[in-house]
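In case you want the letters, here they are:
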Amino acid sequence: MDVLYFAWVRERIGRPKDVVETQAATVMDLVEELRAREVRYEAAFADLSSLRVAVNQELTDFDAPLENAREVAFFPPMTGG
Amino acid sequence: MDVLYFAWVRERIGRPKDVVETQAATVMDLVEELRAREVRYEAAFADLSSLRVAVNQELTDFDAPLENAREVAFFPPMTGG
Amino acid sequence: MDIRVQSAPFDLGQEANAFAARQTGMGAIVTFTGVVRDVAGGLDVMEIEHYPGMTEAALTQIAQDATDRFALGDVLIIHRHGPLTPDDLIMMVATAAPHRASAFEAADFLMDYLKSRAPFWKKEKTSDGSDWVAAKDEDETALNRW
Amino acid sequence: MDIRVQSAPFDLGQEANAFAARQTGMGAIVTFTGVVRDVAGGLDVMEIEHYPGMTEAALTQIAQDATDRFALGDVLIIHRHGPLTPDDLIMMVATAAPHRASAFEAADFLMDYLKSRAPFWKKEKTSDGSDWVAAKDEDETALNRW
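Residues numbered from 1 in each chain as written. Chains lettered and ligands numbered in written order. Predicted model: local features only at pLDDT ≥ 70, side-chain atom pairs only at ≥ 80, totals over all residues. Heavy atoms only, no water.

## Here we look at the relation of the copies chain D and chain C
- By a simple turn and slide, chain D fits onto chain C: the slide is 0.0 Å along the axis, the RMSD is 0.0 Å, and the turn is 180°. On this basis, the relationship between the two copies can be described by a two-fold rotation axis. The C-alpha atom lying nearest the rotation axis in chain D is that of Gly13(D); the distance is 1.7 Å.
- Here 100% of the interface residues in chain D have copies in chain C that are interface residues too; the copies meet face to matching face. (Least-squares fit on C-alpha atoms with pLDDT ≥ 70 in both. Contact = heavy atoms within 4.5 Å.)

The following block contains the structure:
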């Protein structure tokens, strides 16, 4: 599964993408696995209220299932326009 | 005093402008004088609710005074834009 | 502030670019363009009559009111008169403001006032004859929004 | 419907004219253009990051929602990414509708959704350093209007 990071999430983790082998059932499970990796992941995922998540390029919630997920992305609230 | 007519008021009266010598105190007084002129004026001023009036190029009401009026204009509700 | 009443066509793109180019520090630019519609089919000409002198004064007043009320950086109003045909551009407004809410609201405000307070009258000519476009009650009541 | 995500500049006037020219029977055309503002002074670069793939999908969905909801004749969205400098045009939307109310509302709707639902992030670089622009609570609550 591709896990993508944007904006300050990308900067905090220090990379735009991880390729992850995981049995995580939900986004939240995946977040716990990532948090356990390294302190910079823990820092990036410290406050989930400041993060948004997309699964297969669609906005969703942290309790969304990861069945059929090919791509998960984490990023701050969007500031387009 | 110049009295101007626009849109169907102009068409109904058959001219765009009259130069009028009048002692009319208000727009309404002027309307009464015009109505008395000819049947086409009477027709044009038959229904005042379908007319608007400007004195010196500012929208106003039919009871507005004509003191200092150089130009009075009658026309239907505007349809700009 | 730029107010123009003219029979000549105008170029929307050129006007929008010139308007945008002369702004500084404005985050939001809104344009509205009104186009002649052949609603019932068979419209040959839309003739727009206006009241020279009063038209310019009314548009200037409306633009000034919008500028004050919405703290605009700039306003443009162009309104044509004379004979137009379907798909011709009738008029445009442009507003520039620091933020989008005021640019949008100001353009909406300008259009509401332009509809009912600027001395223009539209006559539609078809092969069946010609008729003055009637003002809509909703255009008058729209002014109560502001 | 015309959706473009690009690093290259766009020409507001050219886009507005091309958009207007391809409409038929639309009485109202609204454009909104967002411009880089140097709010605090000293802004060197505004860097816009986006999520390739998702961006295009999100903009297409937003444009389709607006088209359905406001019965639009047409929608244009252009949004830039990459480094921009003050007074550069960031993005534009254009809407075409038979009447002005729906053209205005649709443009307003598009902007509300674009702000909070399209995956763009802005970073401001000044001589003092750089900072990600924070989303505003009001941008999120603005969605409740619709």
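## Notes on the sheet that holds strand E1 (residues 2-5) of chain A
Residue and element names in this part refer to chain A.
- If you trace the 5 strands from one edge of the open sheet to the other, you get E2-E1-E5-E3-E4, paired in mixed fashion. Lying at the two open borders of the sheet, with one neighbouring strand each, are strand E2 (17-19) and strand E4 (58-60). Across the sheet, the mean angle separating the axes of adjacent strands is 25° when strand polarity is ignored.
- Note: E1 against E2, 3 bridges, orientation antiparallel. (Pairing = 2+ DSSP bridges. Helix = DSSP H or I, 4+ residues; strand = E, 2+ residues; numbered from the N terminus. Axes fitted to C-alpha atoms, helices over the stretch in contact; angles between N-to-C directions.)

## Quick look at the pairing of strand E1 (residues 2-5) of chain B
- Of the pairings in the sheet, the one linking E1(B) to strand E5 (residues 71-75) of chain B comprises 4 bridges and is parallel in character. If you follow Val3(B) over to E5(B), its bridge partner there is Val72(B).

## Structural notes on the nonpolar core
- Core analysis: the largest hydrophobic core is formed by 64 residues, its most contacted members being Val93(C) and Val93(D).
- Here this core takes 9 residues from helix H3 (residues 100-117) of chain D, the largest share from any one element. (Core = buried A, V, L, I, M, F, W, Y, C linked by side-chain atoms within 4.5 Å. Buried < 20%, exposed > 50% of the residue type's maximum accessible area, 1.4 Å probe, protein only.)

## Overview of unusual backbone geometry
- At Gln57(B), a position not held by glycine, the phi torsion is positive, near 65°.
- Its place among the elements puts Gln57(B) in the loop between strand E3 (52-55) and strand E4 (58-60).
- A positive phi angle is found at Ala71(D), which is not glycine, with a value near 50°.

## A closer look at the sheet that holds strand E3 (residues 43-50) of chain C
All names here are of chain C.
- With antiparallel pairing, 4 strands are arranged side by side in an open sheet as E5-E3-E7-E8. Looking along the sheet, the strands with just one partner apiece sit at the ends: strand E5 (82-84) and strand E8 (129-132). Direction aside, the axes of adjacent strands within the sheet are offset by 25° on average.
- Relative to strand E7 (residues 120-126), E3 is paired through 7 bridges, and the arrangement is antiparallel.

## A word on the packing of aromatic side chains
- Tallied over the full model, the rule gives 26 aromatic pairs over all chains.
- Within the aromatic cluster, the residues linked to one another by ring pairs are Phe6(A), Phe75(A), Tyr51(D) and Trp121(D).
- Looking at Arg37(B), its charged tip hangs above the ring of Tyr41(B), at a distance of 5.5 Å from the centre. (Phe/Tyr/Trp six-rings, centres within 6.5 Å; stacked < 30°, edge-to-face > 60°. Lys NZ or Arg CZ within 6 Å of the ring centre and 35° of its normal.)

## Digging into the interface of chain A and chain D
- In this assembly, 20 residues from chain A lie in contact with 24 residues from chain D.
- With both chains or domains summed, chain A and chain D bury close to 1,800 Å², and 58% of this area falls on carbon and sulfur atoms.
- The largest per-residue losses of area from chain A upon contact with chain D belong to Met78(A), Thr79(A) and Gly81(A), which jointly make up 40% of the total buried on that side.
- Taken together, chain A and chain D are joined by 2 salt bridges.
- Across the pair Lys123(D) and Glu11(A) runs a salt bridge, and its minimum N-O distance is 2.2 Å. (Buried area = accessible area lost by both parts, 1.4 Å probe. Salt bridge = Lys/Arg side-chain N within 4 Å of Asp/Glu carboxyl O.)

## As for helix H1 (residues 12-21) of chain C
- Of all the positions in H1(C), only Leu12(C), Gly13(C), Glu15(C), Ala16(C), Phe19(C) and Ala20(C) are classed as buried. Down the axis, H1(C) shows its buried residues gathered within 165° of arc, on one side only. Exposed residues pointing more than 90 degrees away from the buried face of H1(C) are listed as Gln14(C) and Ala21(C).
- Where H1(C) is buried, its residues touch strand E1 (2-6), strand E2 (28-35), strand E4 (74-80) and strand E6 (89-97) of chain C together with helix H1 (12-21) of chain D.
- Taking the backbone nitrogen of Gly13(C) as reference, a side-chain oxygen 3.0 Å away marks Asp11(C) as the first, capping residue of H1(C). (Arc of directions from axis to C-beta. Polar contact = N/O pair within 3.5 Å; in protein donor to acceptor, adjacent residues only side chain to side chain.)

## Section: the pattern of salt bridges
- Applying the stated criterion to the full structure yields 34 salt bridges over all chains.
- For Arg10(A), the salt bridge is made with Glu49(D), and the minimal N-O distance between the two is 2.5 Å. One end of the pair, Arg10(A), is in helix H1 (residues 7-13); the other, Glu49(D), is in strand E3 (residues 43-50), on a second chain.
- For Arg117(C), the salt bridge is made with Glu140(C), and the minimal N-O distance between the two is 2.9 Å. Taken together, the residues Arg117(C) in helix H3 (residues 100-117) and Glu140(C) in helix H4 (residues 137-142) connect sequence positions 23 residues apart.

## Concerning the confidence of the model for chain C
- In the predicted model, chain C carries a mean pLDDT of 96, and 100% of its residues have values of at least 70.
- Note on the complex model: pTM 0.96, ipTM 0.95. (pLDDT = per-residue confidence, 0-100.)

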